[in-house]
Structure formats: C-alpha cells, structure tokens
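Inside the fold
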Amino acid sequence: MRLAGRVAIVTGGSSGIGRGICLAFAREGARVVVADLREEPLRGRYHETDAAPPTAAAIAGSGGQALFVPVDVTEDAALAALLEQTVAHFGGLDILVNNAGIHIPGNSQDLTIAQWDRVVNTNLRALFVATRLAIPHLRRSPHGRILHVASVHAYGGGAGPAYAPAKAAVVNLARDTALEVGRDGITVNAIGPGYIATALQDYLEPAQIEACRQRTPLPRLGRPADVAAAAVFLASDEAEWITGASLVVDGGFIASV
Ligand SMILES: NC(=O)c1ccc[n+]([C@@H]2O[C@H](COP(=O)([O-])OP(=O)(O)OC[C@H]3O[C@@H](n4cnc5c(N)ncnc54)[C@H](O)[C@@H]3O)[C@@H](O)[C@H]2O)c1
C-alpha cells in the first residue's frame, strides 16, 4: 500500500474526480476526509448516473477509514473548521487535495460578474486559503503533499473567461507554493485533466461530447480513476522529488498544436 496510514483531505470528494481520488487513496491505505457541500454523489445526465453510496460509506464498506465533513470551500471559516476537525479526528494531515471546482458556461458578455466571482472563488481563491491553512499541519508530516486539480484549460482558452484563467493560475499557484515549502519537504503539484466523464459535463450537448471524444487521441473519454491514478502517484513516496510540476491526464487532448 503506497499511502498506508496517511491522512488526506479531498475537497469535492463526494462526486466525480474527487470521489475517484478518495476511493483510490483509501485502497492505498490512506485515511480520507471527504470534504464537500453534499454527501450524496452528484448524478449526471450523461455520466455517473447511478453513483452511490456516499464516498465515506463506500470506503468504510471496504474496510477503510473515512470521514465526511460538510464544507463550502468558498467559506474561509468552514475551511478552518475542516482542518481542525481533520487533525482532531485523525491526529494530523499528510495530503491536501484541492479538487472541488465548478464550471459555469458563458462568455465575456453573458457570464455575469457574480458568476465570474463564484467560479474564481471556488476554483482559485479556495485553493489558496486551504493551502495556507494546511501548511502548518503538513510541516509536521514527513510526507507533506499538496495537489491541485487544474484542467487542460489551464493551457488554453475555450472554457470561458473565469474557468480557464482560474485553472491557469492554479498551475502557477502550485509552482509558487512549491518554492515556499520545498525546504519543509512538502511537494506541491497540479494535475490537468482532459475530458473526464462526470456530472460536471451536464451543461454540454451530446454533439459537444462527441466532439471531445473525436478530439481525444486515445480511444475513450477519461474516467475519474485515470486522474486518481495520477493523484496516488504524486501523493506517494515515488514522487517525493517531484514538485512545482503539472501532470496532464487528458488522453492526448492537448498534444496537438
Ligand atoms: N470532469 C472534467 O472533465 C474535468 C476536466 C478538467 C478539470 N476538472 C476539474 O476537476 C475537479 C472535479 O471536477 P468533477 O468533474 O469531478 O466535478 P463534479 O461536478 O462531478 O464534482 C464536483 C464535486 O465538488 C463539490 N463542490 C462543488 N463546489 C463546492 C464547494 N464550494 N465546496 C465544496 N464542495 C464543492 C460538488 O458538490 C461535487 O461533489 C474540478 O476542479 C474541475 O474543474 C474536471
């Protein structure tokens, strides 16, 4: 087991990619805090249509240890309480996965400024606040890890004026924090998923999903488990000398110019 005994917080851990990361971490022996707005997994109209049971229950059912903590990552006090509860329950923190994120469709004319703020607060600001709160605890761990779930949209436009810039900033946030905490032995990395089959894709029309499938060189769309495998690697001892990096997990989506 590559993460035996480690304590991990995964934001957005009830659904989709975050749920996949929680399940994979637990299989590797980690004790997992599932931090999410909701406990029930989202059910998408195309993907994850019958996701169940809740992540912590699924982990417990397989003999692992997990705790669900209701959290809105855009509320600083809720994040502070999450850190306190984690340390009180499991005795410390080794891994923070900043995964919770939202997408609101719209361009510069029809995305409202309030929506822009919501996307940037959830997809960027919350990652900074959680990171800031986690670092004092991670400094006490011999295996401190921070992972940010970014996106292929960090590397190009096309997902709107809030989502793409926030994801690009997340990649650079990982680099900046990596410089700050390297001497503490804490690594900070980003993962850039391509199209992953989750409820996040509900805003798309079937023809748009098919276009993503066509544009992906490998012959299928991504799954939460594909991203989770990268997260396990970056959280493990095998990746102890990798920091400030971003690992694209996209079936080759952005390989072409
Ligand atoms: N699905 C994809 O194709 C894809 C591609 C690139 C990047 N990503 C990123 O991966 C991450 C996870 O996406 P997903 O596809 O699993 O999404 P999802 O919608 O399936 O799940 C997101 C989870 O986050 C939770 N969440 C949302 N806002 C929250 C908040 N304010 N506080 C706490 N929890 C909150 C939701 O309740 C949900 O359980 C996001 O950061 C997303 O931008 C997804």
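Residues numbered from 1 in each chain as written. Predicted model: local features only at pLDDT ≥ 70, side-chain atom pairs only at ≥ 80, totals over all residues. Heavy atoms only, no water.

1. Description of helix α5 (residues 163-181)
Compared with the 27 Å implied by 1.5 Å per residue over 19 residues, the 27 Å span of α5 between its first and last C-alpha is a close match. Looking at α5, one finds that the buried residues are Tyr163, Ala164, Ala166, Lys167, Val170, Val171, Leu173, Ala174, Thr177, Ala178 and Val181. Residues of α5 that are buried in the fold lie against α4 (113-138), β5 (145-149), β6 (187-193) and β7 (246-249). (Helix = DSSP H or I, 4+ residues; strand = E, 2+ residues; numbered from the N terminus. Expected span 1.5 Å × (residues − 1). Buried < 20%, exposed > 50% of the residue type's maximum accessible area, 1.4 Å probe, protein only. Contact = heavy atoms within 4.5 Å.)

2. Some points on the site of the ligand
In the neighbourhood of the ligand, 29 residues make up the surrounding shell, with Ser15, Asp36, Tyr163, Thr198 and Gln201 lying closest. Here a nitrogen atom of the ligand sits 3.0 Å away from a polar atom, N or O, in the side chain of Asp72. One nitrogen or oxygen atom from the side chain of Tyr163 is found 2.6 Å from an oxygen atom belonging to the ligand. When isolated, the ligand has an accessible area of 830 Å², and the protein chains bury 94% of it. According to the grid-proximity analysis, the pocket containing the ligand is the largest pocket. (Near = heavy atom within 4 Å. Polar contact = N/O pair within 3.5 Å; in protein donor to acceptor, adjacent residues only side chain to side chain. Areas by Shrake-Rupley, 256 points an atom, 1.4 Å probe, with all protein chains shown as cover. 1 Å grid on protein atoms, 1.4 Å probe; cavity = no way out; pocket = protein on both sides within 12 Å on 5 of 7 lines; lining within 4 Å. Sits in = over half its atoms within 2 Å of the grid points.)

3. Observations concerning the layout of surface pockets
Volume-wise, the largest pocket comes out at about 1,200 Å³. Every residue lining the largest pocket is counted, 48 residues in all, and those nearest its centre are Gly101, Ile102, His103, Tyr163 and Leu200. Where the lining of the largest pocket is concerned, the elements lending two or more residues are α1 (16-27), β2 (31-36), α4, α5 and α6 (206-215). Grouping the amino acids of the lining of the largest pocket by side-chain chemistry returns 24 nonpolar, 18 polar and six charged. Each pocket or cavity is described by its volume, and for the second largest pocket that value is around 200 Å³. Surrounding the second largest pocket, 15 residues form its lining, Arg220, Gly222, Asp226, Asp250 and Gly251 being those nearest its centre. Here the lining of the second largest pocket is built from residues that sort into seven nonpolar, five polar and three charged. (Points joined across faces, edges and corners; volume = space filled by probe spheres on them. Nonpolar A, V, L, I, M, F, W, Y, C, P; charged D, E, K, R; others polar.)

4. Looking at the sheet that holds strand β4 (residues 95-98)
Across the sheet, seven strands lie side by side as β3-β2-β1-β4-β5-β6-β7; this open sheet has parallel pairing. Taken across any chain shown, the strands that pair with only one partner, and hence form the sheet edges, are β3 (66-70) and β7. Here the average twist between neighbouring strands, direction ignored, is 15 degrees. Across three bridges, strand β1 (residues 7-11) lies against β4 in parallel orientation. (Pairing = 2+ DSSP bridges. Axes fitted to C-alpha atoms, helices over the stretch in contact; angles between N-to-C directions.)

5. Thoughts on the packing of aromatic side chains
Both the distance between ring centres and the angle between the ring planes are used here to describe each pair of aromatic rings. Evaluated as defined, the whole model comprises zero aromatic pairs. For Arg215, the ring lying beneath its charged end belongs to Phe253, and the centroid distance is 4.0 Å. (Phe/Tyr/Trp six-rings, centres within 6.5 Å; stacked < 30°, edge-to-face > 60°. Lys NZ or Arg CZ within 6 Å of the ring centre and 35° of its normal.)

6. Digging into the packing of α4 against α5
Contact pair α4 / α5: the axes reach a minimum separation of 8 Å and the direction vectors enclose 15 degrees. Judged by the inter-axis angle, α4 sits roughly parallel to α5. The chirality of how α4 crosses α5 is right-handed. Contacts between α4 and α5 involve Val119, Val120, Asn123, Leu124, Leu127, Phe128, Thr131 and Ile135 on the former and, on the latter, Tyr163, Ala166, Lys167, Ala169, Val170, Leu173, Thr177, Glu180 and Val181. (Parallel < 35°, antiparallel > 145°, perpendicular 65-115°, else oblique. Left-handed = near helix turned anticlockwise from the far one by under 90°.)

7. Describing the pattern of salt bridges
Summed over the entire model, instances satisfying the criterion amount to eight salt bridges. The partner of Arg6 in a salt bridge is Asp237, with the nearest N and O atoms 3.2 Å apart. Of this pair, Arg6 sits in the segment before β1 while Asp237 sits in the loop between α7 (224-235) and β7; the two residues are 231 residues apart in sequence, bridging distant segments of the chain. For Arg6, a relative accessible area of 8% puts it in the buried group. Put simply, Arg125 and Asp76 hold a salt bridge, and the shortest N to O gap is 2.8 Å. Linking Arg125 in helix α4 with Asp76 in helix α3 (residues 76-90), this pair joins segments that are 49 residues apart in sequence. Here the residues in one salt-bridge network are Arg2, Glu28 and Glu238, joined through shared partners. (Salt bridge = Lys/Arg side-chain N within 4 Å of Asp/Glu carboxyl O.)

8. Here we look at the side chain of Asp250
With respect to the helices and strands, Asp250 occurs in the segment after β7. For the buried Asp250, no salt bridge exists, and the shortest N-O distance to an oppositely charged side chain is 7.2 Å, to Arg215. Within the local environment of Asp250, its side chain forms a polar contact with the backbone nitrogen of Gly252, the two atoms lying 2.9 Å apart. Among the polar contacts listed, one links the side chain of Asp250 to the backbone nitrogen of Ile254, at a separation of 2.8 Å. (Lys, Arg positive; Asp, Glu negative; His and termini not counted.)

9. Describing empty space enclosed by the protein
Applying the stated criterion across every chain, the model contains one cavity of 30 Å³ or more. There is about 30 Å³ of room inside the largest cavity. Every residue along the wall of the largest cavity is listed here: Thr11, Val73, Asn98, Asn99, Ala100, Ala126 and Leu127. Per-class residue counts for the lining of the largest cavity are four nonpolar, three polar and no charged.

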